[in-house]
Amino acid sequence: MRDSVSVVISAYNEGESVTELHKELSKVMKDLPLKNYELIFVDDGSSDDTHKKCRDLQEKDSHVKIVHLKRNFGHEIAMTAGMDYAVGEAVIFMDADLQHPPVYIKEMVKYWQEGTDIVLTKRLENKATSKFYDFCAASFYKILNLLSDTKIPAKTPDFRLIDRSYIDVLKKFNEHDRLFRGLLSWAMPNDKVKVIDFVAPERFAGTSKYNFRKSLALAFNSIVQFSTKPLRLSIYLGLLTAFVSGLLGLYVIIEHFVLRHPTPGYATIMTTVVFIGSVQLIVLGIIGEYIGKIHMEVKKRPLYIADYESKEVKNAKKDI
Ligand code: UDP
Ligand code: MG
C-alpha cells in the first residue's frame, strides 16, 4: 500500500518557526501521492508559545496532531514520543527549525513507494555550524565507530523516513539513554536503504538547543550506550601502568645494587603514587559511568509523560 505517512517534528521553544514550517511542509505534503498524512508536532515541554502556535495550526488543519510533553525530556525522547503516537505506514522525522528542508520529503516518499524501507539524509554542509564544531563532530563519530560494533555514519542527521516494519522494531527499544540514529543503525539492513544528500540552511529563527556542553554529554553517553570497550581499555591501561612501574622498579634496583647510587626516594615515590592514583581514578570513573547508567535504567521509569494523549492522539488514530 505505502500510502499514509506520519511526519514527526520535535520542537523545543520553536514558537517562531513552527508556523513557517507547517506552511512549507503542507505545500509539499498536499502534492504527494498519498491517501493521508499526519503532522505530529511534539512539543518537548517548551516554555515559549510553541504549544499555543501548534494548537492554532491544529484549529486550521486537521492533519496536525500534538504530543505535548509535560516537561523538557530532550530531543531523542521527543522523537520517541512522536514515533509512539504515529500511525502512518512510514514515519518521517524532522527538526522544527527548517534546517531539514521539507522539499526533500518528495524524494524520500518516492524511494519509499518504490520499495526502499529506510531513506536517510546526508548533510553535505551545515550553514549553521562553525568549522571547529564540524571538526569535533567528525572526531566524535570516528572515536565512536572505532569503539562500537554498531557503526553510526557521520553527517546523517535525524531527518529520515522509516517504514512501519522498522518503526515497530524501534518501538521495542525501551532504554532511557538513547541515540536514535544509533538504534536505527543497530536495526538497519544493508540493502533497502537510500541516502539523499542535502545542505542544511541556517535555522529559520532562534538558536540551537545544543550548546557545546550538551553536545559533549551526548557524545559521552553515546559511547557508553554503544560500546563496553572503554572497560576493556581500562584493563589495558592498568597493564600498561603495571609494566611502566615494573620498569621503574628495575631501574631503582640497578641503580642501587649495580651503579651504587643512593636513590633519592621522595620525588620518585610521590610521582609514582600520583600517577597510579590518577590511573585508578580514571578507571573508576569509567566503571562509574557504566554503573550509573545501569542504576538509571533498572528503575524502568516511563520514558516521558505526555499531555493530550486522550484527545489528539485518539483522534489521530481514527483519522488516518
Ligand atoms: N529539540 C527538542 N528537545 C530538546 C532540544 C531540541 O525537541 O531538548 C528539538 C529542536 O526544537 C529542534 C531539534 O530538536 O527542532 C534539533 O535541535 P537544534 O536545532 O537545537 O539542534 P542543532 O540543529 O543545532 O543540532
Ligand atoms: Mg537545528
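To keep things clear, this report deals only with the structure shown in the data block. Fair warning: this is a prediction, and the values are worked out from it, not measured in the lab.

In spatial order, the strands read β7-β5-β6-β4-β1-β2-β3-β8; together these 8 strands make up an open sheet with mixed pairing. Both edges of this open sheet fall to β7 (193-200) and β8 (306-307), since each of them pairs with a single strand only. Contacting β1 (4-11), β2 (36-44), β3 (64-69), β4 (90-95) and β8, helix α3 (residues 75-85) crosses the sheet at an angle of about 145 degrees to β2.

Each angle at a metal carrying four tetrahedral donors should ideally be 109.5 degrees, and each at a metal carrying six octahedral donors should ideally be 90 or 180 degrees. Distances from the magnesium ion (ligand 2) to its protein donors, D97 (OD) and Q99 (OE1), fall within 2.0 to 2.1 Å. In this structure Q99 comes out as buried when scored by relative accessible area, which is 12%.

What follows concerns the packing of helix α8 (residues 212-226) against helix α10 (residues 265-298). At their nearest, the axes of α8 and α10 sit 11 Å apart, and the two run at 80 degrees to each other. Relative to α10, α8 is oriented roughly perpendicular. Here α8 contributes N221, I223 and V224 to the contact with α10, which in turn contributes E289, Y290 and K293. Split by residue class, the contact of α8 with α10 holds 3 nonpolar, 1 polar and 2 charged.

Here the focus is the pattern of salt bridges. Here the idea is simple: oppositely charged side chains can pair when their charged atoms come close. For the structure shown, the criterion picks out 17 salt bridges. For R203, the salt bridge goes to D97, with nearest N and O atoms at 3.4 Å. Remark: D97 occurs in the loop between β4 and α4 (105-113) and R203 occurs in the loop between β7 and α8; sequence separation between them is 106 residues. Using a relative accessible area of 15% as the deciding quantity, one classes R203 as buried. Looking at D97, the relative accessible area reads 3%, which means it is buried.

Parameters and conventions
- Residues numbered from 1 in each chain as written.
- Chains lettered and ligands numbered in written order.
- Predicted model: local features only at pLDDT ≥ 70, side-chain atom pairs only at ≥ 80, totals over all residues.
- Heavy atoms only, no water.
- Pairing = 2+ DSSP bridges.
- Helix = DSSP H or I, 4+ residues; strand = E, 2+ residues; numbered from the N terminus.
- Contact = heavy atoms within 4.5 Å.
- Axes fitted to C-alpha atoms, helices over the stretch in contact; angles between N-to-C directions.
- Donors = N, O, S within 2.8 Å, 3.2 Å for Na, K, Ca; no water.
- Buried < 20%, exposed > 50% of the residue type's maximum accessible area, 1.4 Å probe, protein only.
- Parallel < 35°, antiparallel > 145°, perpendicular 65-115°, else oblique.
- Nonpolar A, V, L, I, M, F, W, Y, C, P; charged D, E, K, R; others polar.
- Salt bridge = Lys/Arg side-chain N within 4 Å of Asp/Glu carboxyl O.

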